[in-house]
Amino acid sequence: MSDIISQYGTIFLIMACVFGFFMAWGVGANDVANAMGTSVGAKAITIKQAILIAMVFEFAGAYFAGGEVTSTIRSGIIDIEKAGFADSPELLVYGMLSSLLAAGIWLLIASHNGWPVSTTHSIIGAIVGFAVVGISTDAVVWSKVWSIVASWVVSPMCSGIIAFFIFRSVQKLVLETDDPFTNAKKYVPLYIFMVGFIIAMVTLVKGLRYVGLNFSFSQSLGIAVAVGVFAMLLGVLLLRGIKEVAAENEDFHFSSVEKVFGVLMIFTACSMAFAHGSNDVANAIGPLAAVAGVVRSGGEFSEQSGLPFWILLLGGGGIVAGLAMWGYKVIATIGRNITELTPSRGFAAELAAATTVVVASGTGIPVSTTHTLVGAVLGVGLARGIGALNLTVVSRIFLSWVVTLPVGAGISIIFFFLFKAIFS
Amino acid sequence: MSSSLSALFGRSPIRPIQEHMAIAHHCVELLGKFLEASFLKDWDAAFALQQEIRNQENLADDLKSNVRTGLPKSLFLPVPRTDLLELLSTQDKLANRAKDVAGLMLGRRMEIPESLVAEVREYYNESFLASKQALKVINELDELLETGFRGKEVELVEGLINELDELEHQTDVSQVKLRAKLFALEQSLPPVDVMFLYKIIDQIGDLADISESVGARLLLLIAR
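Just so it is clear, the structure is predicted and the values come from calculations on it, not from any experiment.

**Q** Explain the overall build of chain A residue by residue, including any values.
**A** Of the regular secondary structure elements, chain A holds 13 helices and one strand. N-terminal to C-terminal, the α/β element order of chain A is α-α-α-α-α-α-α-α-α-α-α-α-β-α. The C-alpha radius of gyration of chain A comes to 22 Å, within 12% of the 22 Å expected for a compact globule of 424 residues. A principal-axis box enclosing the C-alpha atoms of chain A has dimensions of 75 × 45 × 35 Å.

**Q** How would you summarise the overall build of chain B if you had to cite specific residues and measurements?
**A** A tally of regular secondary structure across chain B gives eight helices and one strand. Helices and strands in chain B line up, N terminus first, as α-α-α-β-α-α-α-α-α. Counting only C-alpha atoms, chain B reaches 75 × 35 × 20 Å along its principal axes. The buried share among the 224 residues of chain B stands at 45%. Taking the intrachain contacts of chain B between residues at least 6 apart in sequence as the baseline, contacts between residues at least 24 apart amount to 86%.

**Q** Before we move on, could you go through helix H5 (residues 119–135) of chain A and cite the residues and values that matter?
**A** Here H5(A) is 17 residues long and its end C-alpha atoms lie 23 Å apart, about the 24 Å a rise of 1.5 Å per residue gives. Taken across its 17 residues, H5(A) has 15 buried, putting it largely inside the fold.

**Q** So what about the environment of Arg15(B)? Which residues, and what values?
**A** All names here are of chain B. With respect to the element layout, arginine 15 can be found in helix H2 (residues 14–39). Residue class for arginine 15 comes out partly exposed when judged on the 14 C-beta atoms lying within 10 Å of it. Sequence-wise, arginine 15 and arginine 68 are 53 residues apart; in three dimensions their C-alpha atoms are separated by 13 Å.

**Q** Quick rundown of the interface of chain B and chain A? Include the residues and the values.
**A** Contacts between the two partners involve 29 residues from chain B and, on the opposite side, 42 residues from chain A. When contributions to the side of chain B that touches chain A are tallied by element, the ones reaching two or more residues are helix H1 (2–6), strand S1 (75–76) and helix H6 (141–146) of chain B. By residue number, the principal contributor to the side of chain B that touches chain A is H1(B), which donates five residues. In terms of residue class, the side of chain B that touches chain A is made up of 13 nonpolar, ten polar and six charged. The pairing of strand S1 (residues 389–390) of chain A with S1(B) spans two bridges and is antiparallel. Within S1(B), the position partnered with Leu389(A) by the bridge is Phe76(B).

**Q** Which residues make up the confidence of the model for chain A, and what values go with them?
**A** The predicted coordinates should not be examined in detail at positions where pLDDT is low. Averaged over every residue, the pLDDT of chain A is 88; residues scoring 70 or more account for 96%. Summarising per-element confidence for chain A, the mean pLDDT is lowest in helix H10 (residues 309–337) of chain A (85) and highest in helix H6 (residues 142–175) of chain A (94).

**Q** Tell me about the confidence of the model for chain B, residues and numbers included.
**A** With 98% of its residues at a pLDDT of at least 70, chain B reaches an overall mean of 93. Across the interface, the model reports ipTM at 0.85; the global pTM reads 0.90.

**Q** Let's hear about the environment of Arg396(A): which residues, and what values?
**A** Among the structural elements, Arg396(A) can be located in helix H13 (residues 392–423). Measuring from C-alpha to C-alpha, the distance between Arg396(A) and Pro116(A) comes to 7.2 Å, with 280 residues separating the pair along the chain.

**Q** So, the nonpolar core: which residues are in play, and what are the values?
**A** Residue and element names in this part refer to chain A. Counting 223 residues, the largest nonpolar core has Ala269 and Val291 as the members making the most contacts within it. For this core, the element with the highest residue contribution is helix H9 (residues 255–296), accounting for 25 residues. Residues within four places of alanine 269 in sequence aside, it is in contact with Met36, Ser39, Ala44, Ile45, Ala50, Ile53 and Glu350.

**Q** Run through unusual backbone geometry, naming residues and quoting values.
**A** At Lys43(A), a residue that is not glycine, the phi angle is positive and equals roughly 60°. The topology assignment puts Lys43(A) in the loop between helix H1 (3–41) and helix H2 (47–65).

**Q** Provide a residue-level description of H9(A), including the pertinent values.
**A** Note that an α-helix has 3.6 residues per turn; residues three or four places apart therefore point the same way. Taking 1.5 Å per residue, 42 residues should reach 62 Å; H9(A) reaches 58 Å between its end C-alpha atoms and fits that length. Burial of H9(A) is extensive: 40 of the 42 residues sit out of reach of the surface.

**Q** I'd like a rundown of the environment of Pro156(A), residues and numbers included.
**A** Residue and element names in this part refer to chain A. With respect to the helices and strands, the residue proline 156 is situated in helix H6. Taking the C-alpha atoms as reference, proline 156 lies 11 Å from isoleucine 397; in sequence the two are 241 residues apart. Setting aside residues up to four positions removed in sequence, proline 156 forms contacts with His371, Thr372, Val374 and Gly375.

**Q** How would you explain the packing of H2(A) against H10(A) if you had to name every residue and give the values?
**A** Residues and elements named next belong to chain A. Two numbers describe how H2 lies on H10: the axes approach to 10 Å, and their chain directions differ by 155°. In terms of orientation, H2 and H10 fall into the roughly antiparallel class. As H2 packs across H10, the resulting crossing turns out to be right-handed. Judged by residue contacts, Ile47, Ala50, Ile51, Ala54, Met55, Glu58, Phe59, Ala62 and Tyr63 of H2 engage Leu312, Gly315, Gly316, Ile319, Val320, Leu323, Ala324, Tyr328, Ile331 and Ala332 from H10. Taken together, the residues of the contact of H2 with H10 sort by class into 16 nonpolar, two polar and one charged.

**Q** Give me the packing of helix H4 (residues 81–107) of chain B against helix H8 (residues 191–222) of chain B: which residues, what numbers.
**A** All names here are of chain B. At a minimum axis separation of 9 Å, H4 and H8 run at an interaxial angle of 165°. Regarding the angle of H4 to H8, the classification is roughly antiparallel. In this structure, the crossing between H4 and H8 has a hand that is left-handed.

The rules behind each value
Residues numbered from 1 in each chain as written. Chains lettered and ligands numbered in written order. Predicted model: local features only at pLDDT ≥ 70, side-chain atom pairs only at ≥ 80, totals over all residues. Helix = DSSP H or I, 4+ residues; strand = E, 2+ residues; numbered from the N terminus. Rg over C-alpha atoms; globule rule 2.2 N^0.38 Å. Buried ≥ 20, exposed ≤ 12 C-beta atoms within 10 Å, placed from the backbone. Contact = placed C-beta atoms within 7 Å. Expected span 1.5 Å × (residues − 1). Nonpolar A, V, L, I, M, F, W, Y, C, P; charged D, E, K, R; others polar. Pairing = 2+ DSSP bridges. pLDDT = per-residue confidence, 0-100. Core = buried A, V, L, I, M, F, W, Y, C linked by C-beta atoms within 7 Å. Axes fitted to C-alpha atoms, helices over the stretch in contact; angles between N-to-C directions. Parallel < 35°, antiparallel > 145°, perpendicular 65-115°, else oblique. Left-handed = near helix turned anticlockwise from the far one by under 90°.

What follows is the structure, encoded as structure tokens:
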């Protein structure tokens with residue numbers, strides 16, 4: 001049966017590339033904006049800087065820490081043996097193509113209507129959908145699927161709790177004190193160290209084996225400390241220029257303090273882009289990698305085949321293209337709408353969300369960056385840090401799940417049978 | 001999906017509440033000019049000022065309803081929603097009371113007896129200072145939000161509120177004196193005028209009372 005692969009292999013590969021690029025474009029156009037909008041809204045960085053940061057760190061995140069999630073999506077959700085892909089590998093190709101197309105189309109519809117759906121949920125729904133209906137219920141590794149679904153609840157809660165405590169520490173160490181400005185200058189470098197250290201540590205311990213690098217724990221610790229110190233020194237350099245200006249504090253006494261936290265937010269913006277890249281790029285390139293793997297091996301499915309660099313390049317390129325063509329508009333809109341999130345709060349939310357997402361990436365669990373960030377913002381709100389939060393969004397997010405999973409599955413099933421009819 | 005993060009942020013009621021207080025205090029300030037005009041029996045100028053007070057009071061009303069409609073129950077706030085709404089309606093009373101005094105005095109072309117003018121001016125000034133202090137307190141709301149209604153900032157605001165209570169107490173003392181002086185004059189004045197003079201004295205004192213309750217309401221927000 002692998003004649004189909006040898007006959008249409010190139011076409012499949014081209015289709016997968018096009019669909020994968022389309023999906024990555026969608027991620028870049030919409031999803032990245034949430035990760036970067038926080039920093040833009042807090043006026044810590046300009047939109048141009050946000051796009052530049054996103055380009056570099058999304059790519060770095062995908063490359064250094066994205067392997068685990070990509071592998072989950074390409075081969076962790078479907079049980080290759082039980083699904084019988086050894087005999088008919090073309091089914092996997094159809095399925096992955098339909099999943100990409102289904103998720104891409106659904107995201108297009110949803111973002112056009114402003115529904116809060118997640119890329120991750122769409123692609124997981126699509127993959128599970130084609131596997132259950134097109135192949136069999138046994139083909140799905142349900143334990144994996146349930147752990148992913150559970151993580152969608154756990155990850156926002158986790159980042160919410162982390163954000164709460166980070167922001168409480170800011171209150172205790174800086175905002176509540178007699179001299180907030182001096183204390184801000186004293187503690188912000190330490191927070192910058194934390195950002196660099198945590199992101200580097202999680203990546204080193206969990207992610208790097210896909211790049212072919214292996215470090216022992218103590219080596220990782222050393223490198224992470226070095227990264228943290230480097231970030232901290234860079235931060236100290238940037239902080240030198242910030243002085244307390246009496247005039248700007250007249251109307252609002254904390255203006256100078258927030259400027260100090262603005263520097264911190266440049267770093268958390270980088271970590272956020274890195275985290276997003278490590279988790280969400282996989283949604284686009286995971287299925288593509290699966291198709292490429294089947295086609296290259298001429299129909300034999302090998303689970304352990306590494307992730308070719310060009311696939312990553314395509315995913316990263318798609319994100320950058322989406323960001324450059326459309327994403328900057330969305331960033332601008334979000335940035336305008338969330339000015340309530342001042343740097344001292346925004347950084348707490350971003351650091352909590354980035355940490356949670358990077359840990360999820362290292363564990364190979366695809367989570368929604370946006371929802372994690374929403375959880376983090378709620379955490380800051382619980383510490384009485386935000387003027388007003390609209391809780392209806394939370395129920396809208398839950399509703400969007402309930403809709404996204406079956407709809408993503410439905411569209412994917414239709415395409416699956418369509419491809420089957422065309423090629424087999 | 002892009003909307004879920006930005007939709008999370010409701011409009012903070014803090015700024016509008018501060019703007020509302022600024023307008024309410026402006027009404028009190030205008031009342032001072034109105035009183036001066038009435039002392040000079042310049043009723044044209046008094047009429048113009050009364051109109052201005054009325055306009056400002058309408059503005060405050062609009063702002064109040066805007067804040068109210070912008071505070072649905074689904075909004076998650078750092079302080080209880082009911083306390084914020086109470087604070088707002090207390091502030092609104094300040095503008096209302098200023099309008100009442102101007103309206104009543106203009107309607108009756110009330111003239112303050114020469115011998116009382118200095119005391120009334122002083123008495124109004126004390127109420128004005130209380131209102132000004134209340135505005136100062138409310139202007140600390142954004143700083144309170146910044147610190148999460150905790151720490152040093154709370155102490156600072158509590159200090160301001162104590163000063164406000166002090167100012168209000170001062171008007172109570174002056175009110176007693178003013179009434180006593182009016183009582184001594186009572187026989188020489190038309191009885192109906194005297195009745196309304198007592199009322200005006202009461203209402204000018206209300207300005208300070210209401211200012212004090214603005215402070216008390218704010219104290220409720222931070223007391224936890």
